[in-house]
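Remarks on the overall topology
What follows is the residue order along each chain.
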Amino acid sequence: MGRAGVGGRHFTIRVPRDCVAHIHADLGDAALRMMERNMSAQIVSGERCLED
């Protein structure tokens, strides 16, 4: 699972790819890649977003 540290705390971050709006698809993809790399976010489907 992805974890991002904020003030010494660690959070699991999941971003549902199919629930994110974008103006241009390539910019949306770039934003998801940045969240994956910089915040260790898991990019998942909307139906998997709330799984443990």
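Structure's up top.
Calculation notes
Residues numbered from 1 in each chain as written. Predicted model: local features only at pLDDT ≥ 70, side-chain atom pairs only at ≥ 80, totals over all residues. Heavy atoms only, no water. Helix = DSSP H or I, 4+ residues; strand = E, 2+ residues; numbered from the N terminus. Buried < 20%, exposed > 50% of the residue type's maximum accessible area, 1.4 Å probe, protein only. Contact = heavy atoms within 4.5 Å. Areas by Shrake-Rupley, 256 points an atom, 1.4 Å probe, with all protein chains shown as cover. Core = buried A, V, L, I, M, F, W, Y, C linked by side-chain atoms within 4.5 Å. Salt bridge = Lys/Arg side-chain N within 4 Å of Asp/Glu carboxyl O.

Within the protein chain one finds one helix and four strands. Mapped in sequence order, the helices and strands of the protein chain form the string β-β-β-α-β. Per-residue burial for the protein chain yields a buried fraction of 23% across its 52 residues. Partitioning the intrachain contacts of the protein chain with sequence separation of at least 6 by distance along the chain shows that 62% fall at a separation of at least 24. By element, 52% of the accessible surface of the protein chain is carried by carbon and sulfur atoms, the whole surface being about 4100 Å².

Further remarks concern unusual backbone geometry. Positive phi values are uncommon outside glycine, yet S40 reaches one of about 55 degrees. Within the secondary structure, S40 sits in the loop between helix 1 (25-39) and strand 4 (42-44).

In terms of nonpolar packing, the biggest core is built from five residues, these being I13, V15, L32, A41 and I43. Every residue in contact with I43, bar those within four places of it in the chain, is listed here: V15, R17, L32 and E36.

In this section: the pattern of salt bridges. Summed over the entire model, instances satisfying the criterion amount to two salt bridges. A salt bridge links D29 to R17; the nearest nitrogen and oxygen atoms lie 3.4 Å apart. Of the two residues, D29 is situated in helix 1 and R17 in the loop between strand 3 (14-16) and helix 1; the sequence distance between them amounts to 12 residues. Judged by its relative accessible area of 35%, D29 falls in the partly exposed class. Using a relative accessible area of 45% as the deciding quantity, one classes R17 as partly exposed. R48 is paired through a salt bridge with E51; the nearest N and O atoms lie 3.3 Å apart. According to the relative accessible area criterion, E51 is partly exposed, its value standing at 39%.

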